[in-house]
There are 2 protein chains.
Amino acid sequence: MSQQYDGPPDLPVDGASFAFSEKEREAVYRAIYQRRDIRNFRPDPISDRTLARIIHAAHRGPSVGFMQPWDFILVRDAERRRQVKDLFDRERTAAACFFDEPRRSAYLSLKLEGIEEAPVNLCVTCDPTRADVVLGRNSMPETDVYSTCCAVQNLWLAARSEGVGVGWVSILKLPQLRGILGIPPHIIPVAYLCLGYPVEFPGEPGLQTAGWRNRLPIDQLVHTDDWHNPVGDGRLSKYLEALDAEAGPAQ
Amino acid sequence: MSQQYDGPPDLPVDGASFAFSEKEREAVYRAIYQRRDIRNFRPDPISDRTLARIIHAAHRGPSVGFMQPWDFILVRDAERRRQVKDLFDRERTAAACFFDEPRRSAYLSLKLEGIEEAPVNLCVTCDPTRADVVLGRNSMPETDVYSTCCAVQNLWLAARSEGVGVGWVSILKLPQLRGILGIPPHIIPVAYLCLGYPVEFPGEPGLQTAGWRNRLPIDQLVHTDDWHNPVGDGRLSKYLEALDAEAGPAQ
């Protein structure tokens, strides 16, 4: 990912003291750019040591009011995973009803999970009741779930650096998933993840390769001061376009 | 963060081919462990080039059905930021009503934002209407917002590697925030962030330093196969405890 760097950083002197070295920054961007949603896994197990590092990284996620609302359910049991796979299959078939042809056939041809192939699954949950009154949650109660998602992304990037692939399965109904894993009704299963060493880390998102959707040009997504004011032709826009061009459509 | 590594990685031969080098992994974990919610900023501006890299990293976040539901509103205008700060002040006062003493005074003594000091603010939004039928969103419509949170965490970690601090302000009412930034009613402002070079990256979360809440022991948060089955005394638990001990209460 050295193409992310067009020369030494132009940080102000004060701020520079906290910046990582160029090599270190490159590694952080490499994890971000080469992270993929993985559906094809090798059977090799993940060691407890590696798994511990990945889960520990999630626990270092940010949380509103330092609430730490997450829990981690490791799913190794074959019977429970068969049940989750069955739940996925039903949901997938049901979801297909909402696509018209040729989109429906394309949807049904995609491999969207690795529940039984991956050596371990991990359900990351959110407990909205973890603390009585949470600082910062009065105006936006949903920030508990937001915190949990940030923890998941920490896990995903740590896993990438370890060579471990993560696939997020969202084609599942929560009440039934709670039933399979014994999760109380007030706990929110935020992410059901498949973890394992992947057959490959593809160069681009699978849905892009399959022609499902393309990466949006970043400069269409940036506004200044007001939603109705696009970023325009400023230097920021030029840098964003340059980064898009360097990364290419493949990433 | 070299204490995160207790020897060479014990990856299986096949999986190892995708793992980062030890130095690279160390950099990824460093970003994760040294990321902080920043409230004290220096006035130094962030260059457009650095800002572009950080926003571009967010755009490389995972998204359900490759939906990419996010937008980024850079808020530089002093008058709008004064209005956001005013909104924060009202919410903060209102939220204080829900704390009893001595918690209320403690709450009111905390610095919880850097809206006007930070050289730039950034509102990251989610557009639930970005695509007609989104693959994977039939069963869990809220995954659009989850995707946006993952993008925010990418941005937060990229910023840390650049020496840039990020502070998430959640003490804001969304309808009023929409009004200040001209955000349409159907767009969800997920994260209001203050960005700038920090006075410091503290060694532990500010709320921990203030005695507000402590880090939870990770081994209380891991379950196996069923919510009611704690991880127990396995090797995973030992590794998790060791990581907690190595990181110490400070992180």
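Further up the page is the structure itself.
Overview of the structure. Position numbers for residues start from 1 in each chain and track the written sequence from start to end. Each chain takes a letter, starting from A, and each ligand takes a number, starting from 1, following the order in which they are written. This being a predicted model, a pLDDT of at least 70 is required before a residue's local features are given, and a value of 80 or more before pairs of side-chain atoms are given or counted; all residues contribute to the totals for chains, interfaces and linings. As a rule here, side-chain values come from all non-hydrogen atoms in the structure, and water together with hydrogens is ignored.

Quick notes on the nonpolar core
A general tendency of soluble globular proteins is for nonpolar side chains to be buried together. Formally: In these notes, a set of buried Ala, Val, Leu, Ile, Met, Phe, Trp, Tyr and Cys residues joined through side-chain atoms within 4.5 Å is what counts as a nonpolar core. Relative accessibility thresholds used throughout: buried, under 20% of the residue-type maximum; exposed, over 50%; partly exposed, between the two (1.4 Å probe, protein chains only). We call two residues contacting when some pair of their heavy atoms lies within 4.5 Å.
Within the largest apolar cluster, 94 residues are counted, with the highest numbers of intra-cluster contacts made by A:Phe72 and B:Phe72. If we skip the residues at most four places from it in the chain, B:Phe72 touches A:Ile218, A:Leu221, A:Val222, A:His223, B:Ile55, B:Ala58, B:His59, B:Leu122, B:Cys123 and B:Val124.

Concerning the sheet that holds strand 2 (residues 120–126) of chain B
Condition: Pairing between strands is defined by DSSP: at least two bridges between the two strands are required. Secondary structure elements are taken from DSSP: a helix is a run of H or I of four residues or more, a strand is a run of E of two residues or more, and numbering for both begins at the N terminus. Angles here are taken between N-to-C directions and fall from 0 to 180 degrees, while the axes themselves are lines fitted to C-alpha atoms, restricted in helices to the stretch in contact.
Within the open sheet, the six strands sit side by side as 6(A)-5(A)-1(B)-2(B)-4(B)-3(B). Their pairing is mixed. Each having just a single partner strand, strand 6 (226–230) of chain A together with strand 3 (165–169) of chain B make up the two edges of the open sheet. Neighbouring strand axes in the sheet, compared pairwise and without regard to direction, differ in orientation by 35 degrees on average. As paired strands, strand 2 of chain B and strand 4 (residues 188–196) of chain B are joined by seven bridges and run antiparallel to one another. Opposite B:Val120, over in strand 4 of chain B, you have B:Leu195 as the bridge partner.

Focus: the packing of aromatic side chains
Here is the rule: Centres within 6.5 Å make a pair out of two Phe, Tyr or Trp rings, where for Trp the six-membered ring is used; the pair is then stacked when the planes are under 30 degrees apart, edge-to-face when over 60, and tilted otherwise. By definition here, charges over rings are those cases where NZ of Lys or CZ of Arg is within 6 Å of the ring centre and within 35 degrees of the ring normal.
This structure, assessed with the given rule, holds 14 aromatic pairs over all chains. Pairing A:Tyr146 with B:Trp168 gives two aromatic rings, centres 6.2 Å apart and planes at 35 degrees, and the pair type is tilted. Placement of the pair is A:Tyr146 in helix 6 (residues 143–161) and B:Trp168 in strand 3, with the two residues belonging to separate chains. You can call B:Trp168 buried: its relative accessible area is 11%. Within the aromatic cluster, the residues linked to one another by ring pairs are A:Phe99, A:Tyr107 and A:Trp212. The ring of A:Trp212 has A:Arg103 sitting right over it, with the charged end atom 3.8 Å from the ring centre. Across the ring face of B:Phe201, the terminal group of B:Arg160 is positioned such that the distance to the ring centre comes to 3.7 Å.

As for unusual backbone geometry
All names here are of chain A. Here Glu-101 and Pro-102 are connected by a cis peptide whose omega angle stands at 5 degrees. Within the fold, Pro-102 resides in the loop between helix 4 (78–96) and helix 5 (103–109). Phi at Asp-225 takes a positive value of approximately 70 degrees, unusual for a residue other than glycine. Note that Asp-225 resides in the loop between strand 5 (222–224) and strand 6.

Looking at the relation of the copies chain A and chain B
The following threshold applies: Least-squares superposition of the copies uses the C-alpha atoms of those residues scoring a pLDDT of at least 70 in each of them.
With an axial shift of 0.0 Å and an RMSD of 0.0 Å, the rotation relating chain A to chain B amounts to 180 degrees. Taken together, the rotation angle and the small translation identify this as a two-fold axis. Residue by residue, 100% of the interface of chain A is reproduced at the interface of chain B, so both copies engage with the same surface.

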